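Survey of secondary and tertiary structure
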Amino acid sequence: MSAETAAAQRDGSIVTKIDSLPAPTAFKLEPAKKSKEGLDLEITVLAELLPGPGLVKRGYVKPNIPGFGAFELRCDEGTSIGGTDTAPAPLSYLAAGIAFCFLTHLKGYAEIERLRISSIRIEQRMKFQSRIPGMTTAKGASRHMEGLSKGVETFVHIESDETPEAIAQMVETAEKACMAAQTVVNAVPAATHVIRNGKEI
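What comes next is a walk through the structure. (Residues numbered from 1 in each chain as written. Predicted model: local features only at pLDDT ≥ 70, side-chain atom pairs only at ≥ 80, totals over all residues. Heavy atoms only, no water.)

1. A short note on unusual backbone geometry
Despite not being glycine, aspartate 85 shows a phi value in the positive range, around 60 degrees. With respect to the secondary-structure elements, aspartate 85 resides in the loop between strand 6 (70-75) and helix 2 (90-112). The exposure class of aspartate 85 is exposed, given its relative accessible area of 55%. Look at arginine 114: it is not a glycine, yet its phi comes out positive at around 55 degrees. With respect to the secondary-structure elements, arginine 114 resides in the loop between helix 2 and strand 7 (117-131). (Helix = DSSP H or I, 4+ residues; strand = E, 2+ residues; numbered from the N terminus. Buried < 20%, exposed > 50% of the residue type's maximum accessible area, 1.4 Å probe, protein only.)

2. A look at the environment of valine 184
Mapped onto the elements, valine 184 comes out in helix 4 (residues 179-185). The exposure class of valine 184 is partly exposed, given its relative accessible area of 34%. Excluding anything up to four places from it in sequence, valine 184 contacts Ile98, Met126 and Val152. (Contact = heavy atoms within 4.5 Å.)

3. Things to note about the pattern of salt bridges
Per the stated rule, a full pass over the model turns up 9 salt bridges. For lysine 107, the salt bridge goes to glutamate 111, with nearest N and O atoms at 3.9 Å. Note that lysine 107 and glutamate 111 are positioned in helix 2 at a spacing of 4 residues, about one turn of the helix. For the pair shown, lysine 107 and glutamate 111 are each scored as exposed. (Salt bridge = Lys/Arg side-chain N within 4 Å of Asp/Glu carboxyl O.)

4. A word on a negative patch on the surface
The grouping of Glu30, Glu37, Asp40 and Glu42 at the surface amounts to a negative patch. Relative to the helices and strands, glutamate 42 is located in the loop between strand 3 (38-40) and strand 4 (43-49). A relative accessible area of 39% places glutamate 42 in the partly exposed class. (Patch = residues over 30% accessible without salt bridge, like charges linked within 9 Å, V, L, I, M, F, W, Y side chains within 5 Å. Areas by Shrake-Rupley, 256 points an atom, 1.4 Å probe, with all protein chains shown as cover. Lys, Arg positive; Asp, Glu negative; His and termini not counted. Charge placed at Lys NZ, Arg CZ, Asp CG, Glu CD.)

5. Here's the deal with helix 2
For helix 2, with 23 residues, the first-to-last C-alpha span of 33 Å sits near the 33 Å given by 1.5 Å per residue. The set of residues buried in helix 2 consists of Ile98, Ala99, Cys101, Phe102, Leu106, Tyr109 and Ala110. Here the buried face of helix 2 lies against strand 7, strand 8 (146-160), helix 3 (164-177) and helix 4. A positive backbone phi angle near 55 degrees is found at arginine 114, which sits one or two residues after helix 2. (Expected span 1.5 Å × (residues − 1).)

6. Thoughts on the side chain of lysine 57
On the secondary structure map, lysine 57 appears in strand 5 (residues 57-63). A polar contact of 2.9 Å, which involves the side chain of lysine 57, links it to the backbone oxygen of leucine 55. At 3.3 Å, the side chain of lysine 57 forms a polar contact with the side chain of glutamate 77. (Polar contact = N/O pair within 3.5 Å; in protein donor to acceptor, adjacent residues only side chain to side chain.)

7. A short note on the sheet that holds strand 6
Ordered in space as 1-6-5-4, the 4 strands form an open sheet in which the pairing is antiparallel. Either end of the sheet is taken by a strand with one partner, and the two such strands are strand 1 (15-18) and strand 4. Direction aside, neighbouring strands of the sheet carry axes that sit 20 degrees apart on average. Judged from the 4 bridges that link them, strand 1 and strand 6 form a sheet pairing that is antiparallel. (Pairing = 2+ DSSP bridges. Axes fitted to C-alpha atoms, helices over the stretch in contact; angles between N-to-C directions.)

8. Points about the layout of surface pockets
Empty space within the largest pocket amounts to approximately 1600 Å³. In this structure, the largest pocket is lined by 34 residues; those nearest its centre are Ile43, Val45, Val61, Tyr93 and Gly97. At the level of elements, strand 3, strand 4, strand 5, strand 6, helix 2 and helix 4 are the ones that each hand at least two residues to the lining of the largest pocket. Ranked by residue count, the leading element in the lining of the largest pocket is helix 2, at 10 residues. Its residues assigned to classes, the lining of the largest pocket comprises 24 nonpolar, 6 polar and 4 charged. (1 Å grid on protein atoms, 1.4 Å probe; cavity = no way out; pocket = protein on both sides within 12 Å on 5 of 7 lines; lining within 4 Å. Points joined across faces, edges and corners; volume = space filled by probe spheres on them. Nonpolar A, V, L, I, M, F, W, Y, C, P; charged D, E, K, R; others polar.)

9. Concerning helix 3
An α-helical segment advances 3.6 residues per turn. Residues three or four places apart therefore align on the same side. The end-to-end C-alpha separation of helix 3 is 20 Å, in line with the 20 Å expected for 14 residues at 1.5 Å each. Taken together, the buried positions of helix 3 are occupied by Ile167, Met170, Val171 and Ala174. Buried residues of helix 3 fall within an arc of 95 degrees about the axis and therefore sit on the same side. Helix 3 presents Glu165 and Lys176 as exposed residues on the side facing more than 90 degrees away from its buried surface. The secondary structure elements touched by the buried residues of helix 3 are helix 2, strand 7 and strand 8. (Arc of directions from axis to C-beta.)

Next comes the structure, spelled out in structure tokens:
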């Protein structure tokens, strides 16, 4: 770890670039693979709760693509649910990731097609529902705990001399190419493994 990285971590930075990703213990890191179907890539996340009161988390993240660095992230929750509000909440990172990914693909399409675009800006809202007895539900409600996604609504503001048809095609294509958006728009396979005292249960 460089002296600059260590200093940034000590000053409480929310996002810090680090020299390398700590090695995971549950799986091996694999390089991205390109095939006729496309690029198969992975993003590795290692996350942990920090000791002590509150809900501050530390995470390390890195895509397995050459040219993409590793970063340490801090994450917290708002004070209304026991956090200290010192860093973005998990859902804030999720929502921001979708908007940022969408912007990447919008610009990429515009450059490939050489469209005359002055500016692109996204306004987005993600809707959720939390059902946690005693915290997010009224007294007397069911003791069933559940988190629900209620959808995502995106407004893409574009300043351009291109035709409405060309802009609509750009947005449709970019949205389909945005892996972050497609993760929440479509059902995706998921698996959770529980390791207790070093052994999977």
